[in-house]
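Breakdown of the fold
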Amino acid sequence: MTNDINLYNGWSIPSKEQHFQEWLLPNKTTNYQEKPYFISIDHCKKFDLAIDIGANIGMMTRRYAGVFKNVIAFEPVDINYLCLKDNTDDLDNVTAYDIGIGNEEKIIDIHNDEDYVNSGGWSIVDFNNDEWQHYNKDIKLLSQSIKVKTLDSYNLKPDYLK
């Protein structure tokens, strides 16, 4: 565990995280996005493979692992990926990749406010673009270069895609 990661109810979370705690229940369980989760799962006919794109710290990944035979999670942000790995290391049916998914293979920058409180707030949109809804000319950016691949390059046949 690094200094950048804290434990909360058994979950590994980025030390700056202040958004998700209300949904992080003991024993690595969660009720995050409860209603959309059950509505979407009800549409599945097969439960062989779920793909979690933008898996963050693994809240939904763990939920999917309880109903799908296999789960593949993609999370490109380093600190989130470390938490994702910690939070799913006890699950044999989860494979995690520290990569972003996009329409072409490339290296791009992803950004968040240097003083972020939501580890899900990372974006490839430039925070300094005054046409963006979260524009703030005084924001200090935290940026990271990430590798992006296409989902098609993995030759998967998912039953569920988030």
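As a starting point, this report considers the structure included with it. (Residues numbered from 1 in each chain as written. Predicted model: local features only at pLDDT ≥ 70, side-chain atom pairs only at ≥ 80, totals over all residues. Heavy atoms only, no water.)

With that settled, the discussion passes to the packing of aromatic side chains. Per the counting criterion, the structure on display carries 13 aromatic pairs. Judged by centre distance (5.1 Å) and plane angle (70 degrees), the ring pair of Trp23 and Tyr32 falls under edge-to-face. Three or more aromatic residues link up through ring pairs in this structure, and these residues are Tyr37, Phe38, Phe47, Tyr64, Phe68 and Tyr160. Its end group placed over the ring of Tyr154, Lys149 keeps NZ or CZ at 4.9 Å from the ring centre. (Phe/Tyr/Trp six-rings, centres within 6.5 Å; stacked < 30°, edge-to-face > 60°. Lys NZ or Arg CZ within 6 Å of the ring centre and 35° of its normal.)

Here the largest pocket is characterised by a volume of approximately 480 Å³. What lines the largest pocket is a set of 33 residues, among which Ile53, Gly54, Ala55, Glu75 and Pro76 lie closest to the centre. Only α2 (59–65), β8 (100–101), β9 (106–113) and β10 (141–149) provide two or more residues apiece to the lining of the largest pocket. Here the lining of the largest pocket gets three residues from one element, more than from any other, and that element is β9. (1 Å grid on protein atoms, 1.4 Å probe; cavity = no way out; pocket = protein on both sides within 12 Å on 5 of 7 lines; lining within 4 Å. Points joined across faces, edges and corners; volume = space filled by probe spheres on them. Helix = DSSP H or I, 4+ residues; strand = E, 2+ residues; numbered from the N terminus.)

Let us now look at the environment of Phe74. Take Phe74: it is sitting in strand β6 (residues 70–74). In contact with Phe74, other than residues within four places in its own chain, are Ile51, Asp52, Ile53, Gly54, Ala55, Tyr97, Ile99, Ile101, Leu151 and Tyr154. (Contact = heavy atoms within 4.5 Å.)

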